Structures are given as structure tokens and as C-alpha cells.
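Each chain, written out:
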Amino acid sequence: MNAITDPIAVERAVAEGKVAPTPSDLTITVRDRRFGRDEKPGRWWLANDPVATAWHNALSATFPRGEAFFIEAVKAHRDGVPPKLEVEIRAFVKQEINHTREHIVFNRAASEAGYDIDKIDKRVEEMLALTKDRPVILNLAATMALEHYTAMMAHEFLANPQHFAGAEPETAAMWRWHAMEEIEHKGVAYDTWLHATRDWSRWKRWKVKSLMMLVITKNFLTHRVEDTLDLLAQDGLTGAKWKWRLAAYLLGKPGVLRRIFPAWVSYFLPGFHPWQHDDRKLINKADSEFPDARLSAA
């Protein structure tokens, strides 16, 4: 069947213990691919653009610890989930493990190209340490919000070729592979949340997830901009000019933050679910291009 789009139907599905509106014919495929083993990315691997390269390097630096956090947050609430969701959680975990492995390789290459990304990794480690003693349901709420960010950007990266125009082919292929799987499992954390909060009122569920998204948004944007500017500074690119260049990149052209804004707003609507927008066609199109990509062996 197709995804449920009516907000009342979403809530009814949760209340009745049914599978939430992720498409029933969705298959989460674990694509165990490897990149950058034979040919490492150059210093400015994205169209020789230091700003675009720094933004993506800053994102990648957060992924290994971040994705480990996502895995644990979802696994903490998997008991008693419907059988289909249980299968999807297992596939989600496998996909995220592979993403972590590939971004460790990518981050190591960025370090070898001359960037110090340990500061970013240390900040993520310190922030995650703050989550150790808080209720695990809040960790799931944070994961759900961050997974929405990754899904929004993944959609944009696949839908708009401008983002990786002129990028080194294998590195661009790695980012497209990651984006495909982020779209594919974009409903797993959300469906796990719906199951874990099935006894909550609609108001409480909406309030907690919305407040968490606002916190996540503030931290995500603040820290990623700071991290990007820090990487640019390592190239000697500082001052108002480069801050303006970063703003133009994020909000102008190609404008990933500007373009994901409507999807961000949709998160706050009553009855929201990631699969109200079925964008699997982007996965199929991107996956069909992989036979021609330069993929390295294990």
C-alpha cells in the first residue's frame, strides 16, 4: 500500500499498534560498498572549491560518532516493535555501520590532505557524553530529528546535481551512496519513536519532538558553520569574505539550507511522517548509475 498521508490516520495507526505509514513495499537494502581505497580525495575534492569541500568535510567529521549514537538510540527501543519494523531496524543498523566505516576512511583521507579534524570529532564526543544520563527516549527524539536532517540533505543531494558538479567521481559516488541509504531508512527512527511513545498523548508527542528539533537545529547549524569556517581557516581563508562565501553557498547557490527549509517546516505539522513524501525514485535513479562509478574493492 502507499504511505498514509492523513494526519488522523497516522495517529490512529499508532494508537491501534499498526505499522506506521512507511510504505509496506519498502525494502531497506544494505549496499556494502567501499570507496577511496585506491585513490584518495584531493584537498579540494569538490570542484576545487574550498567552501564546498569544507562544508562536506565538516559534515563527514561528525558521522562516525553520530551514527553510532543513532544506532544505540534506536536499538534501545526495539523491544516489541512490529515484525516489519524489527527487520527495518536491523537493516538500518547495518547501513549505518557501513556509513561509519566509509566516513572513517574519508575522514582519514581529509587528515592526510592536511586538515585537522580532531577538533570536530572531540566536540561531537563531548556533546554525546552529555546524553549518557538523560532519559533514552530523548536520545531517540534527537536521533529522529537528526535523521530528518540527513534525509532532507540526502534528498537534495540526489535531486539537485549542482551539489556535486565537478567533484572527484569516486568521492561524489560515496556521498550519493550514503544519500540513497539515508532516504531509504528515513522512517526507521520515526517509526521506532511512534512505537516507543504509543501511550503518549498526541500533544506530548508533538511537543517533545518539536522542542528537540529546535534544539538540534540550533546546535547543528551553529556547529557545522563553525566547523566549516575552522577548516577554511586551515587553508588561510578567513574574514568576512569567506563568511559571505559560505553563506552564499548554503543559502544561495546551490543553497542546501535554503532548499531544505520547506521539508524542515513540515516536521512540525500535526501527523507528520517522513514517508508522506515518497522519494524512492531518487534512490532507483542514483543506484542505476553505480555500475559506471569507480568503486574500489575491499
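Structure: see above.
Quick caveat, the model's predicted, so the values are computed rather than measured.

*Asks:* Give me unusual backbone geometry: which residues, what numbers.
*Replies:* Note: most residues except glycine have negative phi, and most peptide bonds are trans. The step from lysine 253 to proline 254 runs through a cis peptide bond, and the omega angle for that step is 5 degrees. Note that proline 254 resides in the loop between helix 9 (240-251) and helix 10 (256-266). Phi is positive for alanine 47, close to 60 degrees, though the residue is something other than glycine. Relative to the helices and strands, alanine 47 is located in the loop between helix 1 (7-15) and helix 2 (50-75). A positive phi angle, close to 55 degrees, is found at asparagine 48, a residue other than glycine. If you trace the backbone, asparagine 48 turns up in the loop between helix 1 and helix 2. Judged by its relative accessible area of 55%, asparagine 48 falls in the exposed class.

*Asks:* Lay out the environment of arginine 258 in plain terms, naming residues and giving numbers.
*Replies:* Positionally, arginine 258 belongs in helix 10. The contact partners of arginine 258, leaving out residues within four places of it in the chain, are Leu250, Leu251 and Gly252.

*Asks:* I'd love a proper account of the packing of helix 9 against helix 10, names of residues and values included.
*Replies:* At a closest axis distance of 4 Å, the pairing of helix 9 and helix 10 adopts a crossing angle of 40 degrees. With respect to their mutual orientation, helix 9 and helix 10 come out oblique. Facing helix 9, whose interface residues are Tyr249, Leu250 and Leu251, helix 10 presents Val256, Leu257 and Arg258. Classifying every residue of the contact of helix 9 with helix 10 by side-chain character gives 5 nonpolar, no polar and 1 charged.

*Asks:* An account of the side chain of threonine 131 is requested, with residue identities and associated values reported.
*Replies:* With respect to the helices and strands, threonine 131 occurs in the loop between helix 4 (118-129) and helix 5 (136-159). By relative accessible area, threonine 131 is classed as buried at 8%. A polar contact of 2.6 Å, which involves the side chain of threonine 131, links it to the backbone oxygen of leucine 128. Excluding its chain neighbours within four sequence positions, the residues that come into contact with threonine 131 are Phe69 and Asn139.

The rules behind these values
Residues numbered from 1 in each chain as written. Predicted model: local features only at pLDDT ≥ 70, side-chain atom pairs only at ≥ 80, totals over all residues. Heavy atoms only, no water. Helix = DSSP H or I, 4+ residues; strand = E, 2+ residues; numbered from the N terminus. Buried < 20%, exposed > 50% of the residue type's maximum accessible area, 1.4 Å probe, protein only. Contact = heavy atoms within 4.5 Å. Axes fitted to C-alpha atoms, helices over the stretch in contact; angles between N-to-C directions. Parallel < 35°, antiparallel > 145°, perpendicular 65-115°, else oblique. Nonpolar A, V, L, I, M, F, W, Y, C, P; charged D, E, K, R; others polar. Polar contact = N/O pair within 3.5 Å; in protein donor to acceptor, adjacent residues only side chain to side chain.

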